There are 2 protein chains.
Amino acid sequence: MKMILSLLSAAMAVTLALPAQAQFAKPEDAIKYRKNSLFVMQQHWARVGAMATGKIPFDAKQAQDNMEVVSTLAKLPWAAFGEGTDKGDTRAKPEIWKESVKFKEAADKFQIEVAKVNAAAKTGNLDNLKTAFGSAGSSCKACHDSFRKD
Amino acid sequence: MKMILSLLSAAMAVTLALPAQAQFAKPEDAIKYRKNSLFVMQQHWARVGAMATGKIPFDAKQAQDNMEVVSTLAKLPWAAFGEGTDKGDTRAKPEIWKESVKFKEAADKFQIEVAKVNAAAKTGNLDNLKTAFGSAGSSCKACHDSFRKD
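With an unreviewed UniProt entry as reference, chain A is termed Cytochrome C, source organism Limnohabitans parvus II-B4.

Structure representation (structure tokens):
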């Protein structure tokens, strides 16, 4: 029950809105911002992944700390895919803007998955972490396949 | 190819097991990580600054949300200034490693200042935010002057 409440609370926190592409002075800033936030997130995600896949020993505190960072960063990139940010130093596919509802759904789904991994990390149980991490990894891949150039 | 990937993955696993600055597979990754996390932090910091300096209207919720992001990101860059990360695509001055105690003190001071701005943002009072922001801004500048090339 505590786990379920924790998951719900995490999912609700995802609705934190950081809106408006107008926050960026130039399209290049938006592109840099989304790439930078995704890179930093990926670095922390990889550390959790190494534990979830048994490549490094499980350290509950490390997993929790890294997932806290991932949770914050997972909210950020999406506001930086505004109109006019499809050209330049980016691997973003045109589908992001052509199928913007589908893209938003994928971004939302990812944040929910991250919230579940974060909740699992908080339990301090490696099996919980493995299960949640696998599911979230599929969400990353699905979005990259649909919306990112190779 | 599969063998190479497997070896790489094993090498990464070893690296990941090491603490702090050794978390990065390559020095370039550490440099990219610290630059990326500083850039994302700066974007959110600038939004709070625009409110603190009256350039945009004060929005208490926006200030709080942005300061939450800044607080998380303010902890990150410092672990990426490890040995061997002084060369490459970086404006880091040699003083970071020559005067590492002073650099650590500056990084710690900055995080304390950020925590104060975060607390001020939570009060929802613009005057509190202005006071805390000004003090933290001096901390940014002092560190850039001492440890970053122009």
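Draft legend 1. Region of interest: the relation of the copies chain B and chain A. Each copy of the sequence occupies a distinct position, and chain B is placed on chain A by a rotation of 180° and an axial shift of 0.0 Å, giving an RMSD of 0.1 Å. Here the transformation between the copies is reduced to the relation of a two-fold axis. Residues of chain B ranked by C-alpha distance from the rotation axis are headed by N36(B), positioned 2.3 Å from it. When the interface residues of chain B are mapped onto chain A, 80% of them are again interface residues, pointing to one common binding face.

Draft legend 2. Representation of helix α3 (residues 60-73) of chain B. Helix length check: α3(B) (14 residues) gives 20 Å between terminal C-alpha atoms against 20 Å at 1.5 Å per residue, within 8%. In the core, the buried residues of α3(B) are packed alongside α3 (60-73) of chain A together with α2 (27-52), α5 (100-123) and α6 (126-147) of chain B.

Draft legend 3. Structural context of the interface of chain B and chain A. Taken together, the contacts link 25 residues of chain B with 26 residues of chain A. Across the chain B to chain A interface the summed buried area is about 2200 Å²; carbon plus sulfur atoms make up 66%. Scanning the region where chain B abuts chain A turns up zero salt bridges. Counting across the chain B and chain A interface gives six residue pairs in polar contact (both at pLDDT 80 or more). The class makeup of the residues in the side of chain B that touches chain A is ten nonpolar, nine polar and six charged.

Draft legend 4. Structural view of the packing of α5(B) against α6(B). Residues and elements named next belong to chain B. Interhelical geometry of α5 versus α6 gives an angle of 160° and a closest axis separation of 9 Å. Here α5 is positioned roughly antiparallel relative to α6, judged by the angle of their axes. In the crossing of α5 with α6, the sense of the turn from one axis to the other is left-handed. Contact residues: K102, F103, A106, K109, F110, E113, K116, V117, A120, A121 and T123 in α5; N128, L129, A132, F133, S135, A136, S139, C140, C143, S146 and F147 in α6.

Definitions and cut-offs
- Residues numbered from 1 in each chain as written.
- Chains lettered and ligands numbered in written order.
- Predicted model: local features only at pLDDT ≥ 70, side-chain atom pairs only at ≥ 80, totals over all residues.
- Heavy atoms only, no water.
- Least-squares fit on C-alpha atoms with pLDDT ≥ 70 in both.
- Contact = heavy atoms within 4.5 Å.
- Helix = DSSP H or I, 4+ residues; strand = E, 2+ residues; numbered from the N terminus.
- Expected span 1.5 Å × (residues − 1).
- Buried area = accessible area lost by both parts, 1.4 Å probe.
- Salt bridge = Lys/Arg side-chain N within 4 Å of Asp/Glu carboxyl O.
- Polar contact = N/O pair within 3.5 Å; in protein donor to acceptor, adjacent residues only side chain to side chain.
- Nonpolar A, V, L, I, M, F, W, Y, C, P; charged D, E, K, R; others polar.
- Axes fitted to C-alpha atoms, helices over the stretch in contact; angles between N-to-C directions.
- Parallel < 35°, antiparallel > 145°, perpendicular 65-115°, else oblique.
- Left-handed = near helix turned anticlockwise from the far one by under 90°.

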